[in-house]
Amino acid sequence: MATKPPQSDPVQDAPQVAGPKHAAAGLPAIGHTLRVAQQQMGVRRTALTLLRVNQKDGFDCPGCAWPEPEHRHTAEFCENGAKAVAEEATLRRVTPEFFAAHSVADLATRSGYWLGQQGRLTHPMYLPEGADHYEPVTWERAFDIVAEEIAALDSPNEAVFYTSGRTSNEAAFLYQLFARQLGTNNLPDCSNMCHESSGSALSETIGIGKGSVLLEDLYKADLIIVAGQNPGTNHPRMLSALEKAKAGGARIVSVNPLPEAGLERFKNPQTAQGMLKGAALTDLFLQIRIGGDQALFRLLNKLILEADGAVDEAFVREHTHGYEEFAAAAKAADWDETLAATGLTRAEIEHALGMVLASKRTIVCWAMGLTQHKHSVPTIREIVNFLLLRGNIGRPGAGVCPVRGHSNVQGDRTMGIFERPAPVFLDALEREFGFAPPREHGFDVVRAIRALRDGEAKLFFAMGGNFVSASPDTDVTEAAMRRARLTVHVSTKLNRSHAVTGARALILPTLGRTERDLQGSGEQFVTVEDSMGMVHASRGRLDPASRHLLSEPAIVCRLARRVLGEESTVPWEEFEKDYATIRDRIARVVPGFEDFNARVTGSAGRPGGFALPHAPRDERRFPTKTGKANFTAAPVEYPELPEGRLLLQTLRSHDQYNTTIYGLDDRYRGIRNGRRVVLVNPDDARALGAAEGSYVDLVSEWKDGVERRANGFRVVHYPTARGCAAAYYPETNVLVPLDATADTSNTPASKSVVVRLEQSATD
Ligand SMILES: Nc1nc2c(c(=O)[nH]1)N[C@H]1C(S)=C(S)[C@@H](COP(=O)(O)OP(=O)(O)OC[C@H]3O[C@@H](n4cnc5c(=O)[nH]c(N)nc54)[C@H](O)[C@@H]3O)O[C@H]1N2
Ligand SMILES: Nc1nc2c(c(=O)[nH]1)N[C@H]1C(S)=C(S)[C@@H](COP(=O)(O)OP(=O)(O)OC[C@H]3O[C@@H](n4cnc5c(=O)[nH]c(N)nc54)[C@H](O)[C@@H]3O)O[C@H]1N2
Ligand SMILES: [Mo]
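Read on for an overview of the structure. The shown structure was predicted, so the numbers you read here are calculated from the model rather than taken from an experiment.

## Some thoughts on helix α17 (residues 323-331)
Then, number 1: Where α17 is concerned, the buried positions are Phe326, Ala327 and Ala330. The buried residues of α17 occupy an angular sector of 100 degrees when projected down its axis, which confines them to one face. Opposite its buried face, α17 presents the exposed residues Glu324 and Glu325, each directed more than 90 degrees away.
Then, number 2: Residues of α17 that are buried make contact with α15 (293-306) and α21 (376-389).

Dropping the structure here:
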């Protein structure tokens, strides 16, 4: 096979491989953080900013949605949180001069890494139809352009309003209100590509689409199963919680096709002991085959049912529905076939069973390794079956723990960012604001792309994110975007979505979390909800990156006033001036937010935050259709792998935040200086003739017969499960077919793409 990269990008395509590490964090992490932060922010700003992350009166870390511990005396150190902050608080700027120097066509040839490195956006920019370059535009004119294009639509359903997950509760509430006053539920969000499968599975089985554990539950657990998640990179503060759980006697099982360093051993940088030796976290590593989790939990359930006295019969009788049918399906599971789907041995599963039966309080945590497969929803339902069997939902130290991604993705959904809103939510909006919200369901991400592709949607508006790079089937998505009449991005930083535009395009620069938000009534704060349903305030202190920025709430308010005019029943001007008035309305519309302002400012209740109600967790009440927690009995599925092919998962390196590339050092996996790598099990690689260091093209195979290809990936022999491969997102999104989605949730199946390796043509 070829030994040179075929079309190498000197900035990022010379991968070097040192092999996987076996421990996460510790001194190298601190050194790395300070270096990255100081390059972006300078020494003084680094010190000032990093001290304020997740502190009371500070700002919420824009990194992940992992909750803050109750007592925040010292800054909780997190390398990747610091990188997220540095990325936003950078001193580099993208000014009108920058856009004058770089045409849109030029920007479209740049890597995502290069675009992000240019710095913060400073001015509203407009790309007129037929123009080569963005030009500066006033805010008034920008809103006029959006209003013109909205007025030209045949129906409000030709507009799509996307949201990424950093948007605050206040901005999200206003944004969905604006879309619904306009008359559409076209509110896709990043959740559609992320934890939608969790939401779908949990709403149906336990009656609420959110996790049922709080941070303190982890400390009380006997057993924590972490499946399909890489916390050392994506939720580093979770490692401290796991370490504490472990010290309290918990055992940890990790289920993953890859041995991830963070789960093996954690060197806590907060303690001297931790820095020296670190704590081994995982007691049992189950190296699952990609997509084998439903099979694994089905077998565990079968064994629990066969073990004497292992089922919590009182709980099952009193609180659940559908047990008989489920038990029959689980007992009937065929050992050989089901076991083959997991890639594990029977002895490994029996070892896990021993730990399960020894545990009185069990928690299962998961993330994208479980949610991005065709059968993700039945997989997560099987986990619910597993927990229900032993009464592990609705008591301390036990429960479901889907670990969310973006720092406010859960809050955005609570605020009504959803293309399929619950009728009770719409009723409440109707009562509060005196208008009739649309009832017809809107487009999710995949449907929005199809609508743009087919000319059924003509206007694309994004509140944050990087839609073209984050979405599947990059070529299809980019072509769809180019068909739009107008694309608008409310953004902090430059990204590829600004370079792949509709006929006209706008970039609306906005404040980040770290920045002071000054409005008519004075300095504002916003609120966010973490992965465990805790709501708290976030207040930025830095001077804004430019004096031309508007906050997200201000952008929505001004746009709404311009577009809806006098007809709107909403006091947009007042909302912009004083965010407390938005929270007063949220309090009246969204259950659990009663007395919102008082509770979130800490004058009542717990300082710094409050927990939203969660019926299964709080009262063992399951608000499902049956009024009980539902067992389900779906057939076991797993991805089929034709001969000579591999199952590719597309995942994150240690040095990126989704489509934002921080750097080129995937430290724990020992891969540096390049991102076009494919990790393949050495035995598979040998069988396929893919030598270490050779270059291959990844060709995805899907039933539509279209050839999707990603060129020039360096083969890395890596201890992943047999038949499996891994490569970074978003470089590999081109391989994920738009129609390859999870049943029910419609989430792109970006963790199980069937690929073949072809030798790269050398130049
Ligand atoms: N620093 C940093 N933090 C982040 C992000 C980031 O990009 N960078 N992104 C944020 C967002 S939006 C999200 S959603 C989360 C993502 O957090 P993760 O879900 O941890 O992110 P991924 O890199 O997609 O990792 C998926 C993990 O699942 C494993 N896996 C893949 N397929 C399977 C499978 O079939 N079964 C099992 N059991 N495991 C599997 C992979 O080997 C990998 O360890 O992180 C959030 N936090
Ligand atoms: N193949 C593959 N595809 C995936 C995934 C995968 O694992 N594999 N993961 C999926 C997941 S889990 C997710 S969540 C999506 C992520 O999809 P998105 O959320 O759309 O993507 P991000 O890369 O997080 O968006 C980054 C951009 O957000 C903007 N931004 C940052 N902070 C702010 C802010 O405070 N306000 C505003 N207005 N803008 C801001 C910046 O301009 C930045 O360039 O990708 C999905 N796509
Ligand atoms: Mo996500």
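## Remarks on the packing of aromatic side chains
Then, number 1: Tallying each qualifying case throughout the model produces 20 aromatic pairs.
Then, number 2: With a centroid separation of 6.2 Å and an interplanar angle of 45 degrees, the aromatic rings of Phe173 and Phe433 are classed as tilted. Remark: Phe433 occurs in helix α23 (residues 423-433) and Phe173 occurs in helix α8 (residues 169-182); sequence separation between them is 260 residues. The pair Phe173 / Phe433 is uniform in exposure class, with both members buried.
Then, number 3: Feature note: the residues Phe98, Phe99, Trp114 and Tyr134 constitute an aromatic cluster, connected by ring pairs.
Then, number 4: The ring centre of Tyr219 lies 4.1 Å from the NZ or CZ of Lys244, which sits over that ring.
Then, number 5: Sitting over the face of the ring of Phe610, Arg599 holds its NZ or CZ atom 4.1 Å from the ring centroid.

## Let's talk about the sheet that holds strand β11 (residues 279-280)
Then, number 1: The three strands are arranged β2-β10-β11 in an open sheet whose pairing can be described as mixed. Of all strands in the sheet, those with a lone pairing partner are β2 (24-25) and β11, marking the two edges.
Then, number 2: Where strand β10 (residues 265-267) lies against β11, two bridges are found, and the strand directions are antiparallel. Within the sheet, the bridge partner assigned to Phe266 lies in β11 and is Ala279.
Then, number 3: Helix-sheet contacts for helix α12 (residues 236-247) involve β2, β10 and β11, and the interaxial angle to β10 is about 105 degrees.

## Some points on the site of ligand 2
Then, number 1: Near ligand 2 you find 30 residues, and of these Tyr162, Ser164, Glu552, Thr659 and Tyr729 are the closest.
Then, number 2: At a separation of 2.7 Å, an oxygen atom of ligand 2 approaches a polar side-chain atom of Tyr162.
Then, number 3: Separating an oxygen atom of ligand 2 from a backbone N or O atom of Lys493 is a distance of 2.8 Å.
Then, number 4: Its free accessible area being 940 Å², ligand 2 has 96% of it covered by the protein chains.
Then, number 5: Across the shell around ligand 2, the residue classes break down as nine nonpolar, 16 polar and five charged.
Then, number 6: Among the domains, domain 2 (93-185 + 418-607) and domain 4 (646-759) are the pair contributing at least three residues each to the shell around ligand 2.

Parameters at a glance
Residues numbered from 1 in each chain as written. Chains lettered and ligands numbered in written order. Predicted model: local features only at pLDDT ≥ 70, side-chain atom pairs only at ≥ 80, totals over all residues. Heavy atoms only, no water. Buried < 20%, exposed > 50% of the residue type's maximum accessible area, 1.4 Å probe, protein only. Helix = DSSP H or I, 4+ residues; strand = E, 2+ residues; numbered from the N terminus. Arc of directions from axis to C-beta. Contact = heavy atoms within 4.5 Å. Phe/Tyr/Trp six-rings, centres within 6.5 Å; stacked < 30°, edge-to-face > 60°. Lys NZ or Arg CZ within 6 Å of the ring centre and 35° of its normal. Pairing = 2+ DSSP bridges. Axes fitted to C-alpha atoms, helices over the stretch in contact; angles between N-to-C directions. Near = heavy atom within 4 Å. Polar contact = N/O pair within 3.5 Å; in protein donor to acceptor, adjacent residues only side chain to side chain. Areas by Shrake-Rupley, 256 points an atom, 1.4 Å probe, with all protein chains shown as cover. Nonpolar A, V, L, I, M, F, W, Y, C, P; charged D, E, K, R; others polar. Domains from an automatic or database assignment.

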